[in-house]
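# Overview (structure and organization)
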Amino acid sequence: MPNDNLKSYLHLHLIVFIWGFTAILGELITLDALPLVWFRMLLAVGFIVLFMAYKKTNFVVPRKTIFGFLLLGLVIALHWLTFFKAIKVSNVSVTLACLSTGAFFTSFLEPILYRRKVIWYEVLFGLIVVVGLYIIFNVEGDYYLGIILALTSAFLSALFSVINGKYAKMYDSTVISFYELTGGVLYFSIYLLLSNSFSKDFFILQPSDWVYLLILSSICTAYAFIASVRVMKFISPYTVMLTINLEPVYGIILALLIFKDKEKMSSEFYFGAILILITVILNGVIKYKLRNRNSS
């Protein structure tokens, strides 16, 4: 059992590193955010279907549940859309720094969706996060649109995680991923059809974009999406939360190594980003200790 937990923990770190690399691919792919996300989800669904056929997975679930999966597919699709759009209009570092606020959106969404009391230290930490964001806004004002898009993406990510957490305990991770990503493709396809965006040029991509999209859809989406849901069954939410907070760290370091001067930010930016990250980690630590105290 300890070995299984260690494997799951190392597996989670690999997944988080892959998520950090997703932002790099978003910068490298020349497509705009909407077609990028559409191709990503469509190709990912194809990989998941092949995996389900190989595993002979039973994808039958109640109709009401399918409807819920499809709606969550729209939420995750919009999360990715705003995420990649933020990268396109700002850069990887700004986007990932703001995306780390997702844990605090979760803290405020849970009381609303599950009708629990608002906890005082969550409000306090939320205010500290606002200070960190203010510092980033103040020194990187040219990236205001990217910051707003990244915060929107963080909110949608939190909303998705809070709702999807219930499904993850009841259904197979591959089945959940299949329906949710299919839902995202469906909604975006309808929009693209209505806006007459599907054309010959839409499907003409540079060879490098196809390579990056295949990596993004197979490893960073199909694999990471399924594996992350599965790992959560073996590791405590506290460990998952703390490890996921390393995503912006991995991503920003990778961005600095790959894009160099383009990703170099002011010292005030890094102070604001570190302030947000430390606050998010402290929030998780306090939650974990209080939960242990209450259970004992």
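Predicted model only: the values in this text are computed from it and were never measured.

Our next topic: the overall build of the chain. Per the secondary structure count, the chain includes 12 helices and 0 strands. Each helix and strand of the chain, placed in order from N terminus to C terminus, yields the pattern α-α-α-α-α-α-α-α-α-α-α-α. Scaling as 2.2 N^0.38, a compact globule of 296 residues should have a C-alpha radius of gyration of about 19 Å, and the chain matches this with 19 Å. Dimensions along the principal axes, computed over C-alpha positions, put the chain at roughly 55 × 45 × 35 Å. Counting only residues that meet the buried cut, the chain has 49% of its 296 residues in that class. Relative to all contacts within the chain whose residues are 6 or more apart in sequence, the contacts with residues 24 or more apart total 88%. On the chain, roughly 15,100 Å² of surface is accessible, and the fraction owed to carbon and sulfur atoms is 69%.

To continue, consider helix H9 (residues 207–231). A rise of 1.5 Å per residue sets the reference length of H9, with its 25 residues, at 36 Å; its end C-alpha atoms lie 34 Å apart and thus fit the reference within 8%. Where H9 bends most, at alanine 224, the angle is about 40°.

This part takes up the packing of aromatic side chains. Each pair of aromatic rings is reported with the distance of its centres and the angle of its planes. Evaluation of the coordinates by the stated rule reveals 19 aromatic pairs. Residues phenylalanine 17 and tyrosine 250 carry aromatic rings whose centres are separated by 5.6 Å and whose planes lie at 70° to one another, so their mutual orientation is edge-to-face. Taken together, the residues phenylalanine 17 in helix H1 (residues 2–28) and tyrosine 250 in helix H11 (residues 247–259) connect sequence positions 233 residues apart. For phenylalanine 17, a relative accessible area of 37% corresponds to the partly exposed category. A centroid spacing of 6.4 Å and a plane angle of 50° characterise the contact between tyrosine 167 and tyrosine 171, whose relative ring orientation is tilted. In terms of burial, tyrosine 167 and tyrosine 171 fall into one category: buried. An aromatic cluster of three or more residues is present, and its members are Trp38, Phe39, Phe198, Phe202, Phe203 and Trp210.

Definitions and limits used
Residues numbered from 1 in each chain as written. Predicted model: local features only at pLDDT ≥ 70, side-chain atom pairs only at ≥ 80, totals over all residues. Heavy atoms only, no water. Helix = DSSP H or I, 4+ residues; strand = E, 2+ residues; numbered from the N terminus. Rg over C-alpha atoms; globule rule 2.2 N^0.38 Å. Buried < 20%, exposed > 50% of the residue type's maximum accessible area, 1.4 Å probe, protein only. Contact = heavy atoms within 4.5 Å. Areas by Shrake-Rupley, 256 points an atom, 1.4 Å probe, with all protein chains shown as cover. Expected span 1.5 Å × (residues − 1). Bend = angle between axes of the 7 residues up to and from the residue. Phe/Tyr/Trp six-rings, centres within 6.5 Å; stacked < 30°, edge-to-face > 60°.

Taken by themselves, the reported measurements are silent on function.
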